[in-house]
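Residue strings, one per chain:
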Amino acid sequence: MSALSHSASSRASTHAVAEPPEPDFLPLKGTDHVEFYVGNARQAAYFYRAAFGMSLVAYAGPETGQRDRASYVVEQGKIRFVLTTPLRSDHPIARHIARHGDGARALALWVDDARRSWEETTRRGAKSVTAPYVLRDEHGSAVLASIQAYGDTIHTFVERSDYTGPFLPGFRAVESDPVARPVGLKHIDHMVGNVGWNQMNEWVDFYARVMGFSLYQHFDDKDISTEYSALMSKVMANGNGYVKFPINEPAAGKKKSQVEEYLDSYPGPGVQHIALATDDILLSVTKLREQGVEFLHVPHTYYTELEGRVGKIDEPIRELEELGILVDRDDQGYMLQIFTRPVEDRPTLFFEIIQRKGSRSFGKGNFKALFEAIEREQAARGNL
Ligand code: FE2
């Protein structure tokens, strides 16, 4: 798939956000890619190809003239991940990995004008990480610039209208991938950040003031709590609704919140989960399970109460229970979702697989069921 066909046009929930009163100063065409800093990019790429079914499409490293690090680009549908590892122990990326383990570093956003995106956001108070710069190779040029987000996470603006290569200048195409086992994942639905105690509103304000996002949904600790653990969450969305960033902070409970466990383990604020959309969650999750992806266990009682809570749905409840898929409904329809276990040994980043059938929700009604499942795992690690 060429970079130019990486369109956001068919993303879910594109009409849900009210038009902002002023012209959008940061028009986004969608998520460009997510870059992870990892201890061994070759092996991490293999995991995403064999387990999640992504295809290796591009590579940059010493063989392509990039002497200090190696990067593998994997794709499925419109989802694009970059796995990057440093080749020297004194490299800044090595310090990121020493502190955080493997984790998401850059949530890159696809724009028409990276210079203007950087100028508009830094003028409104964003801290610049990298001023606009141009990359060139025989396939054309691309412009990139980065600003700081929560913790050590950054947003990179990617302008690629003059570029026809496999990813970005400097990357070499990988023509075919014998390892990839696609599972029908289509696009990124949302990417969630965990921030510290009482920091949620600060970051909600950052996305509103600096990036022109607006509040899409919010949940308080009455919605998202169990006896032991709680969190608060607000979902911020950009003007056209293509990009949604829920922001979580821990809330007080009798025992340690799952957000607090993340903050202690990462440590500090960072990306908690990335939700990947599918049109057929039964098929996708069946394949993901066959390929070794581990999901949170959902208690049987969840399914005995399901039809009473969400009403009639197309999918057989027995199949949903076998796969551990959760269901939630709002006034627009329903959605199906499932959460993986963390994909690192630290209890940090995990993935969500989501299928929307009209619903624009993020699974508010499932938080309790999900939390109880997460807490059983937390207790098994001795962290509850
Ligand atoms: Fe989610």
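Residue positions within a chain follow its written sequence, with the count starting from 1. In keeping with the predicted nature of the model, local features appear solely for residues at pLDDT of at least 70, side-chain atom pairs appear and are counted solely at 80 or more, and the whole-chain, interface and lining totals rest on all residues. For the side-chain quantities, the full set of heavy atoms in the structure was used; hydrogens and water were omitted.

(A) Spotlight on the overall build of the chain. Only DSSP runs of H or I with at least four residues qualify as helices, and only runs of E with at least two residues qualify as strands; both kinds are numbered from the N terminus onward. Helix and strand counts for the chain come out as 10 helices and 17 strands. Its C-alpha atoms give the chain a radius of gyration of 20 Å, within 12% of the compact-globule value 21 Å for 384 residues. The C-alpha extent of the chain, read off along each of the three principal axes, is 60 × 50 × 40 Å. The rule is simple: take the accessible area with a 1.4 Å probe, protein chains only, and divide by the maximum for that residue type; under 20% is buried, over 50% is exposed, in between is partly exposed. Out of the 384 residues in the chain, the part that is buried amounts to 58%. Of the contacts made within the chain by residues no fewer than 6 positions apart, 69% connect residues no fewer than 24 positions apart. Surface exposure here means Shrake-Rupley accessible area, sampled with a 1.4 Å probe, where a residue is shielded only by the protein chains that are shown. Surface exposure of the chain reaches about 15700 Å², of which carbon and sulfur atoms provide 49%. All tallies of charge rest on Lys and Arg as positive and Asp and Glu as negative; His and the ends of each chain are not included. In plain terms, the charge of a residue is placed at NZ if it is Lys, CZ if Arg, CG if Asp and CD if Glu. Computed over 44 positive and 52 negative side-chain charges, the inter-centroid distance for the chain is 2 Å. Two things to know: the radius of gyration comes from C-alpha atoms, and the globule rule equals 2.2 Å times the number of residues to the power 0.38. Residue contacts are counted whenever heavy atoms from the two residues lie within 4.5 Å of one another.

(B) Local environment of the pattern of salt bridges. For salt bridges, the criterion is a side-chain nitrogen of Lys or Arg within 4 Å of an Asp or Glu carboxyl oxygen. Applying the stated criterion to the full structure yields 21 salt bridges. Its salt-bridge partner being R69, residue D68 comes within 3.2 Å of it at the nearest N-O pair. For D68, a relative accessible area of 22% translates into the label partly exposed. Judged by relative accessible area, which is 27%, R69 ranks as partly exposed. Measuring nitrogen to oxygen at the nearest pair gives 2.6 Å for the salt bridge that ties E120 to R124. Residue R124 is classed as partly exposed on the basis of its relative accessible area of 25%. Where salt bridges share partners, they join D32, E75, R80 and R160 into one cluster.

(C) Highlighting the pairing of strand β15 (residues 326–330). Two elements, β15 and strand β16 (residues 333–339), share 5 bridges in a ladder whose sense is antiparallel. Considered in β16, the bridge of L326 is made with Q337. Connecting β15 to the antiparallel partner β16 that follows it, the hairpin turn spans 2 residues. At least two bridges found by DSSP between two strands are what make those strands a pair.

(D) Quick peek at the domain arrangement of the chain. As assigned here, the chain comprises domain 1 (30–173) and domain 2 (185–381). These domain limits were set by an automatic method or by a database of domain assignments. Each of domain 1 and domain 2 has a C-alpha centre, and these two points are 25 Å apart. At the interface, 38 residues of domain 1 touch 35 residues of domain 2. Summed over both partners, buried area is the accessible surface (1.4 Å probe) that two parts give up on being assembled. A per-residue breakdown of the area domain 1 buries against domain 2 is headed by F52, I79 and Y150, which together make up 24% of the total. Remark: the boundary between domain 1 and domain 2 carries 0 salt bridges. Polar contact is defined as a pair of N or O atoms within 3.5 Å, subject to the rule that within protein one atom must be able to donate a hydrogen and the other to accept it, and that residues adjacent in sequence are counted only when both atoms are side-chain atoms. One can count 9 residue pairs in polar contact (both at pLDDT 80 or more) joining domain 1 with domain 2. Of all elements in the fold, only β1 (30–37), α1 (41–50), β4 (79–86), α2 (92–100), β5 (103–111) and β7 (140–148) reach the threshold of two or more residues within the side of domain 1 that touches domain 2. Top contributing element to the side of domain 1 that touches domain 2 by residue count: α2, with 5 residues. Under this grouping Gly is polar, as are all residues other than the nonpolar Ala, Val, Leu, Ile, Met, Phe, Trp, Tyr, Cys and Pro and the charged Asp, Glu, Lys and Arg. Partitioned by chemical class, the residues of the side of domain 1 that touches domain 2 number 18 nonpolar, 15 polar and 5 charged.

(E) The environment of E321, seen in detail. As for its placement among the helices and strands, E321 is situated in helix α9 (residues 317–323). On the basis of relative accessible area, E321 is assigned to the partly exposed category, the value being 29%. Along the primary structure E321 and G193 are separated by 128 residues, whereas in three dimensions their C-alpha atoms are 28 Å apart. Those residues in contact with E321, other than ones at most four positions away along the chain, are H300 and Y303.

(F) Spatial organisation of the nonpolar core. Judged by nonpolar contacts, the single largest core of 80 residues is most densely connected at F36, Y48, F52, F81, Y207, I274 and L276. By residue number, the principal contributor to this core is helix α4 (residues 200–209), which donates 5 residues. Each of domain 1 (30–173) and domain 2 (185–381) gives at least three residues to this core. Among buried residues, those of type Ala, Val, Leu, Ile, Met, Phe, Trp, Tyr and Cys that are joined through side-chain atoms within 4.5 Å constitute a nonpolar core. Within the second largest apolar cluster, 13 residues are counted, among which are A58, A108, L144 and F167.

(G) View of the sheet that holds strand β2 (residues 55–60). The strand order β6-β7-β8-β5-β1-β4-β3-β2-β9 describes an open sheet built from 9 strands, whose pairing is mixed. Edge strands, defined here as strands with exactly one partner in the open sheet, are β6 (128–137) and β9 (172–173). Strand direction decides the pairing type here: β5 and strand β8 (residues 154–159), joined by 6 bridges, are parallel. For A108, the partnering residue across the bridge sits in β8 and is T156. Axis definition: a line fit to C-alpha positions, over the contact stretch in the case of helices; interaxial angles, taken between N-to-C directions, run 0 to 180 degrees. Each of β1, β3 (69–76), β4 and β5 touches α2; the most contacted strand, β4, lies at about 100 degrees to it.

(H) Expanded view of the side chain of E352. Relative to the elements of secondary structure, E352 occurs in strand β17 (residues 350–357). Salt bridges are absent for the buried E352, whose nearest opposite-charge side chain, R356, sits at 6.2 Å. Of note is the side chain of E352, whose polar atom sits 3.1 Å from the side chain of H190.

(I) Spatial organisation of the pairing of β4. Most of β4 sits out of view: 8 of its 8 residues are buried. Residue alternation in β4 divides its side chains into two sets, I79, F81, L83 and T85 and R80, V82, T84 and P86, and both sets are buried. Where β1 meets β4, 4 bridges bridge the pair, whose relative direction is parallel. If you follow V34 over to β4, its bridge partner there is F81. Of the pairings in the sheet, the one linking β3 to β4 comprises 8 bridges and is antiparallel in character. If you follow E75 over to β4, its bridge partner there is R80. The turn linking β3 back onto β4 is made up of 2 residues, and G77 within it adopts a positive phi angle of 55 degrees.

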